[in-house]
Each structure stands twice: as structure tokens, then as C-alpha cells.
Amino acid sequence: MDWNLYLNEWHCLPRNPEFKFKNENKKNGKWHLAYEGVKDKDVNNPIFKKLPKIDLADLVFFVNKKTKFFSAFTHILNRNVKSDINNIDLLGSIIAYAINIGIGKMANCSNLSYHQLRKIKDNYLREETLKAACDVIINAINKLPIQEVYNINDIVHSSIDGKKYSTNDNIFNARYSKKYLFEKGISVLTLIANFLPLGLRIISPNEYEGIFGLEILLMNESDIKPQINSTDMHGINELNHALYDFAGYEFQPRYTNIYNQATKLYCSANPSDYPDHYIIKPF
């Protein structure tokens, strides 16, 4: 049964105040969800103004003192290592790549040796060690009481979105995208839950994001286990709802035009066979 046949003759009872109707008594009547917009456009919450400013290095060392995440950076050989890692050099290498300046510029603007930073980068910074270090920090944060406040009805709700970055080096995934970039670049898909980055995937900016969402969810090895995941329109395709359900997740994408999506809904039985809150009744 085509839902569109009922849009102009039927309506749901009781009326949901979040739905706003326009010309509902006419054949071309439409509805949309209520949206008030952003009232307070301040970037930061006022609470951050009360926090003291500290050096980034002091913050990272404080986090390491509480979580011991430096121990996740193991040598690539795992044997016959002549010396222990220097935490200062490790910190310099991490910050160099975290703020996207590289170890060359970090060595020029600090008292750290380029040779030592390059040694740390080659022997300790790789995908598995970075992921293990992030999981240590995420698991420690997840034990804080405030994490329960972020859950919705005791359910962890995550989201995945991509951010485009231009690249100067010849990276394998770098491609041109006239919609987002004027030069070669990459797209970084990030899985966020409770304000924590649980995983990411680097793709080309011309690739379709919808085929990578479930993969990123399954890659998550932290203690935070999302049950519901959302994406924007770039993460939607005809199979994702079924694939998410098969994998034990619920897919709740954000549609920019929910009215157009509602016209594509179908049911195989008479509307009266559905629960009361789904029954469609005439005017």
C-alpha cells in the first residue's frame, strides 16, 4: 500500500506537535518537522571559560599518568630492543602529527632532534599502536560517571560523518573532488559516541560514504558499544537498514527532507492491522 495515497486524506491521531503542516487541506499539502535553529551561537560553553589554560604537553603527561597509554606504543620488532622509549620524544612525535605539522617542523620549532623524532615515528607510531593507545584513553574516560549522562534512555547513540582534508604528499587515497576540494585530498570518516572518537576510516573524497559505516562500527574494540548509529544523507543506501539489523545495530539516518522519505513508505497489510499509535485515521 502506497503511503502517498493517504497523505492528503488521512492524518495520525493524536497530532504530534513536532510536525508542522502547510496547506494540509489541499492536495499539495505538505508537512515538516519543527526546527527552532540555534539560539546561542557561542562556539564554546561558558564552563570552559572557568578552566585554567595549561600547556598541551602537561595535559598529555597528565592523561598518561592516569591511563598509562604510552605503554601501548610498542616497538615494531617487539624483541632485541636496545633502549626504552623516550617519553619526551614520543610526545613530540604524537603532537607533531596530531596538529598536522610533521616531525620536520616540530624539530625546527623545538629542542627535539629530528633524528630521534624520525626514529620514534618509524618504530612506534603505526596504526595498531595508535588505535590501542586511543582505546586505553577511551576506556578510562568511559568509567567516569558523566558518561552515563550522554546516553539516551541508557542506550549509546553514535554517529559517523566525514571531513575532507587537502594533502600535499602523494597519498594513495588522495583524489580530486570538485564539490569539496580544489586540490587532491582525503576524507576521514569518524565514529563518534558520547563525544569520543571510537574509530575512523580514511577514504577518497570521491568514494561513497554509505558503504563504510557498518565497517567502522564493527572495527570498534573499545568498551563503548553503540546500539544505534546515525549518518547524514551520504551514509544512506537501500541496503544499510537491513545490513545494520543483521549485525545487531539500529540504523537511524538523518534525512534532510523527511516528507519525501515518508512518501516512499509502504505496508503490506491494511493500516488497521498495525498498533494503535500507528493507525492512520481520516479527517
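Computed from a predicted structure; not experimentally measured. (Residues numbered from 1 in each chain as written. Predicted model: local features only at pLDDT ≥ 70, side-chain atom pairs only at ≥ 80, totals over all residues. Heavy atoms only, no water.)

A.B. asks: Would you mind showing me how to read the packing of aromatic side chains here?
C.D. replies: Aromatic rings considered in pairs are described by the distance between their centres and by the relative angle of their planes. Inspection of the entire model under this criterion finds five aromatic pairs. Arranged with centres 4.7 Å apart and planes meeting at 65°, the rings of phenylalanine 69 and phenylalanine 70 form a pair that is edge-to-face. The pair formed by phenylalanine 69 and phenylalanine 70 is uniform in burial state, with each residue classed as buried. The interplanar angle of 70° and the centroid separation of 6.5 Å between the aromatic rings of phenylalanine 69 and phenylalanine 73 together place this pair among those described as edge-to-face. (Phe/Tyr/Trp six-rings, centres within 6.5 Å; stacked < 30°, edge-to-face > 60°. Buried < 20%, exposed > 50% of the residue type's maximum accessible area, 1.4 Å probe, protein only.)

A.B. asks: What is the right way to look at empty space enclosed by the protein in this model?
C.D. replies: Taken as a whole and judged by the stated rule, the model has one cavity of 30 Å³ or more. Roughly 50 Å³ of volume is contained in the largest cavity. Along its surface, the largest cavity is lined by Ile160, Asp161, Gly162, Leu189, Glu209, Phe212, Gly213, Thr231, Asp232, His234 and Gly235. The dominant element in the lining of the largest cavity, judged by the number of residues it contributes, is strand S4 (residues 157-166), at three residues. In the lining of the largest cavity, the residues fall into three nonpolar, five polar and three charged. (1 Å grid on protein atoms, 1.4 Å probe; cavity = no way out; pocket = protein on both sides within 12 Å on 5 of 7 lines; lining within 4 Å. Points joined across faces, edges and corners; volume = space filled by probe spheres on them. Helix = DSSP H or I, 4+ residues; strand = E, 2+ residues; numbered from the N terminus. Nonpolar A, V, L, I, M, F, W, Y, C, P; charged D, E, K, R; others polar.)

A.B. asks: How should I be thinking about the packing of helix H1 (residues 56-67) against helix H2 (residues 87-98) in this particular structure?
C.D. replies: What describes two packed helices is the angle between their axes and the distance between those same axes. Axis separation between H1 and H2 bottoms out at 11 Å; the angle between their running directions is 115°. Between H1 and H2, the angle falls in the class roughly perpendicular. In this structure, H1 meets H2 at a crossing whose hand is right-handed. Each of Leu56, Ala57, Val60 and Phe61 in H1 lies in contact with H2, whose residues at this interface are Asn87, Ile88, Leu91 and Ile95. Of the residues belonging to the contact of H1 with H2, the class tally is seven nonpolar, one polar and no charged. (Axes fitted to C-alpha atoms, helices over the stretch in contact; angles between N-to-C directions. Parallel < 35°, antiparallel > 145°, perpendicular 65-115°, else oblique. Left-handed = near helix turned anticlockwise from the far one by under 90°. Contact = heavy atoms within 4.5 Å.)

A.B. asks: Where do I start with the packing of H2 against helix H4 (residues 114-123) in this structure?
C.D. replies: Where H2 meets H4, the closest approach of the two axes is 9 Å, and the angle between their N-to-C directions is 75°. The angle between H2 and H4 places the two elements in the roughly perpendicular class. Across the interface between the two elements, Asp89, Leu90, Gly92, Ser93 and Tyr97 from H2 touch Gln116, Leu117, Ile120 and Lys121 from H4. Of the residues assigned to the contact of H2 with H4, the class counts are four nonpolar, three polar and two charged.

A.B. asks: Explain the sheet that holds strand S5 (residues 185-193) here, please?
C.D. replies: Sheets are built from strands that pair by backbone hydrogen bonding, the pairs being arranged parallel or antiparallel. The strand order across the open sheet formed by five strands is S6-S5-S4-S7-S8, and the pairing between neighbours is mixed. The strands lining the two open edges of the sheet, one partner per strand, are strand S6 (196-203) and strand S8 (250-251). As defined by bridge partners, strand S7 (residues 228-230) adjoins S8 across two bridges and the pair is classed as parallel. Following the sheet pairing, asparagine 229 is matched in S8 by phenylalanine 251. (Pairing = 2+ DSSP bridges.)

A.B. asks: Please clarify how the pattern of salt bridges should be interpreted in this entry.
C.D. replies: One side chain can pair with another of opposite charge once the charged atoms of both are near each other. Using the criterion set out here, one finds seven salt bridges in the structure. Where glutamate 209 meets lysine 164, a salt bridge forms, and the shortest distance between an N and an O atom there is 3.4 Å. In this pair, glutamate 209 sits in the loop between S6 and helix H7 (213-219) while lysine 164 sits in strand S4, placing the two residues 45 residues apart along the sequence. Among the residues examined, lysine 164 registers a relative accessible area of 17% and is labelled buried. For glutamate 215, the salt bridge goes to arginine 201, with nearest N and O atoms at 3.0 Å. Residue glutamate 215 is located in helix H7, and its partner arginine 201 is located in strand S6; the two are separated by 14 residues in the primary sequence. Residue glutamate 215 is classed as partly exposed on the basis of its relative accessible area of 30%. Several salt bridges share partner residues, and in doing so they unite Arg118, Lys121 and Asp122 into one network. (Salt bridge = Lys/Arg side-chain N within 4 Å of Asp/Glu carboxyl O.)

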